[in-house]
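# Understanding the architecture of this molecule
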Amino acid sequence: MDMRIVLIPGDGIGEEVMRSAVQVLDAVQKRRRLNFQYECALLGGCAIDAAGVPLPDETLHQCLDAEIILFGAAGGPKWDHVSPEKRPERALAKLRKEMDLFANLRPVRGRKALAPILPVKNRLIGDGIDLLIVRELTGGLYYGEPRGISTENGETRGYNTMVYTKAEVERVARTAFELAKERSGRLTSIDKANMLETSRLWRETTTQLADEYPDVKLDHLLIDAAALSLISHPSRFDVLVTGNIFGDILSDEAGALAGSLGMLPSASFGSGRGALYEPVHGTAPDIAGQDKANPIAMILSAAMMLRRSFGLRAEARAIEEAVDQALEDGYRTIDIAQKGMKTCGTQEMTDAILQRM
Ligand code: IPM
Ligand code: MN
């Protein structure tokens, strides 16, 4: 099997958490006598420094060719003043778009071991939180035209456009229905249909699609109500599907249910083999390079890659169980530590996971 993987650490803590993920992948490949072919590529601020652009052509071609990407994070204060089209974050958005990765899966688990640090009361957790956010990733407000900042008659305005075609809604909704069918059969579609036309089309389209999935129970929530329910009543959700900007916001909120953003992995797909795996967290410049970052989101993203792109289910499971075990055994990076608890660094957490695999 072709096992090419493009590794893109990116900026900030990207590099150190990528190092952790590669150690985990190496342990898997050694044990299973596999042969991952790693290729490294530049994207983000580091690419601006090295090549003058955040997404060099070489990186884009490598990604389109190898198809499977493991990505860290992009951005940082150093590049806050570059022009908007050249920002590191735009490079990531462009890569997602060029690879047509329209469905972004963000699983959220609230683990018992971390219950004491969660903002929601323990009784709400029950057997633990386990939900899946499906975020549309290549359309909506992030990409709509026109966009810009312009001045006319002395008045300066900034503008963006939220736009979805029916086909764009349908393909991501279909992905969500299929995933809901494999899980509990419950799907919540989230929009702002009381105000936005894009959302009205979104609601109409998901409702029509429900006819094709009689074993999935679809309901709809407005984004503001969903933001509240997610924190106050998380067990009402199983699979959520929503547009790009709403999904971006809700998934950070869901970080609180998992204990920290440092716990959330993600996987993005299109209609072909191409896939990009990345943690939901960003570059965390304040702690970069200090061995403080939580490597779990990145390691769990690598596990998602093994399962979904290479069919290595048992190996993915082994990594996920090792993460659970390390947490149960009390290993905590600073972002998930209770007050007074001993904390460990990125490498120590990685070692604890490796030992338990
Ligand atoms: C995410 C990030 C990105 C996004 C940024 C870095 C472009 O916040 O993956 O959630 O907004 O999609
Ligand atoms: Mn985000």
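Keep in mind that what you see is a predicted model, and the values were worked out from it rather than measured.

### Considering the overall build of the protein
Broken down by element type, the protein carries twelve helices and twelve strands. Computed over its C-alpha atoms, the radius of gyration of the protein comes to 20 Å, within 12% of the 21 Å expected for a compact globule of 357 residues. Oriented by its inertia axes, the alpha-carbon framework of the protein measures out at about 60 × 50 × 45 Å. Counting only residues that meet the buried cut, the protein has 53% of its 357 residues in that class. Taking contacts inside the protein between residues at least 6 apart in sequence as the whole, the part at least 24 apart equals 74%. As displayed, the protein has an accessible area near 15700 Å², and 50% of this comes from carbon and sulfur atoms. Of the charged side chains in the protein, 43 are positive and 50 negative; the average position of the first set lies 4 Å away from that of the second.

### A closer look at the packing of helix H1 (residues 14–32) against helix H12 (residues 346–355)
At a closest axis distance of 10 Å, the pairing of H1 and H12 adopts a crossing angle of 15 degrees. As the angle between them shows, H1 and H12 are arranged roughly parallel. Where H1 crosses over H12, the two elements pack in a sense that is right-handed. For the pair H1 and H12, contact is made by Glu16, Ser20, Gln23, Val24 and Ala27 and by Thr346, Gln347, Thr350, Asp351 and Leu354, respectively. Each residue belonging to the contact of H1 with H12 can be placed in one class, and the counts come to three nonpolar, five polar and two charged.

### Some details on the environment of Asp291
Along the chain, the position of Asp291 falls in the loop between strand E12 (275–277) and helix H10 (296–310). Judged by relative accessible area, which is 39%, Asp291 ranks as partly exposed. Residues Asp291 and Ile13, spaced 278 residues apart in sequence, show a C-alpha to C-alpha distance of 8.8 Å. Ignoring sequence-local partners within four residues, the contact set of Asp291 consists of Glu16, Gly345, Thr346 and Gln347. A distance of 3.0 Å separates a polar atom in the side chain of Asp291 from the backbone nitrogen of Gln347.

### Section: the side chain of Glu136
Mapped onto the elements, Glu136 comes out in strand E5 (residues 129–136). Lacking a salt bridge, the buried Glu136 has Arg171 as its closest oppositely charged neighbour, with an N-O distance of 4.7 Å. Within polar-contact distance, the side chain of Glu136 engages the side chain of Tyr164 at 2.8 Å.

### Description of the pairing of strand E9 (residues 217–222)
One ladder, built from six bridges, connects strand E8 (residues 186–191) with E9; its direction is parallel. In the sheet register, Arg186 faces E9, and the bridge partner there is Lys217. Traced from E8 through helix H7 (residues 197–210) to E9, the parallel crossover comes out right-handed.

### Observations concerning the nonpolar core
Core analysis: the biggest nonpolar cluster contains 88 residues, and Leu70 and Leu306 have the highest contact counts within it. In terms of residue count, H10 provides more of this core than any other element does, ten residues in total. Those residues in contact with Leu70 that lie beyond four places of it in its chain are Ile5, Val6, Leu7, Ile8, Met18, Ala21, Leu25, Tyr277, Met298, Ser301, Ala302 and Met305. If you look at the next biggest cluster of nonpolar residues, it comprises 17 residues, including Leu43, Ile69, Ala74 and Leu95.

### Looking at the packing of aromatic side chains
A complete count under the given rule lists five aromatic pairs for this structure. In textbook terms, an aromatic cluster arises when at least three aromatic residues are bridged by ring pairs, as seen for Phe36, Tyr38 and Phe310. Sitting over the face of the ring of Tyr143, Lys97 holds its NZ or CZ atom 4.8 Å from the ring centroid. Note that Arg236 overlies the ring of Phe237, its terminal NZ or CZ placed 4.9 Å from the centroid.

### Considering the sheet that holds E9
Reading across from one edge, E2-E1-E3-E12-E11-E4-E5-E10-E8-E9 is the order of the ten strands in this open sheet, with mixed pairing throughout. A single partner strand is all that each edge strand has here, and the edge strands are strand E2 (37–40) and E9. On average, adjacent strands in this sheet sit at an angle of 25 degrees to one another, irrespective of strand direction. Relative to strand E3 (residues 68–73), H1 is tilted by about 145 degrees, and along the sheet it contacts strand E1 (4–10), E2 and E3.

### Considering H12
Looking only at H12, the buried set comprises Thr346, Met349, Thr350, Ala352 and Ile353. End-on view of H12: buried residues confined to an arc of 160 degrees, all on one side of the axis.

### Some words on the site of ligand 1
Surrounding ligand 1, one finds Glu89, Arg96, Arg106, Arg135, Tyr142 and Asp248. The separation between an oxygen atom of ligand 1 and a polar side-chain atom of Arg96 is 2.7 Å. Within the side chain of Asp248, a nitrogen or oxygen atom sits 2.9 Å from an oxygen atom of ligand 1. Alone, ligand 1 offers 320 Å² of accessible surface; in the complex the protein occludes 79% of this. Split by residue class, the shell around ligand 1 holds one nonpolar, no polar and five charged.

### Quick look at the pattern of salt bridges
Counting across every chain of the model gives 26 salt bridges. Of the charged contacts in the structure, one is a salt bridge between Asp65 and Arg4, with a shortest N-O distance of 3.1 Å. Highlighted residues: Asp65 in helix H3 (residues 57–66) and Arg4 in strand E1, separated in sequence by 61 residues. Between Arg171 and Asp100 there is a salt bridge whose closest N-O contact spans 3.4 Å. Of the two residues, Arg171 sits in helix H6 (residues 166–182) while Asp100 sits in the loop between helix H4 (88–98) and strand E4 (103–110), which places them 71 residues apart along the sequence. Owing to a relative accessible area of 29%, Asp100 belongs among the partly exposed residues under this scheme. One salt-bridge network, in which partners are shared between bridges, spans Arg307, Arg317, Glu320 and Glu321.

The rules behind each value
Residues numbered from 1 in each chain as written. Chains lettered and ligands numbered in written order. Predicted model: local features only at pLDDT ≥ 70, side-chain atom pairs only at ≥ 80, totals over all residues. Heavy atoms only, no water. Helix = DSSP H or I, 4+ residues; strand = E, 2+ residues; numbered from the N terminus. Rg over C-alpha atoms; globule rule 2.2 N^0.38 Å. Buried < 20%, exposed > 50% of the residue type's maximum accessible area, 1.4 Å probe, protein only. Contact = heavy atoms within 4.5 Å. Areas by Shrake-Rupley, 256 points an atom, 1.4 Å probe, with all protein chains shown as cover. Lys, Arg positive; Asp, Glu negative; His and termini not counted. Charge placed at Lys NZ, Arg CZ, Asp CG, Glu CD. Axes fitted to C-alpha atoms, helices over the stretch in contact; angles between N-to-C directions. Parallel < 35°, antiparallel > 145°, perpendicular 65-115°, else oblique. Left-handed = near helix turned anticlockwise from the far one by under 90°. Nonpolar A, V, L, I, M, F, W, Y, C, P; charged D, E, K, R; others polar. Polar contact = N/O pair within 3.5 Å; in protein donor to acceptor, adjacent residues only side chain to side chain. Salt bridge = Lys/Arg side-chain N within 4 Å of Asp/Glu carboxyl O. Pairing = 2+ DSSP bridges. Right-handed = clockwise from strand over helix to strand, strands pointing away. Core = buried A, V, L, I, M, F, W, Y, C linked by side-chain atoms within 4.5 Å. Phe/Tyr/Trp six-rings, centres within 6.5 Å; stacked < 30°, edge-to-face > 60°. Lys NZ or Arg CZ within 6 Å of the ring centre and 35° of its normal. Arc of directions from axis to C-beta. Near = heavy atom within 4 Å.

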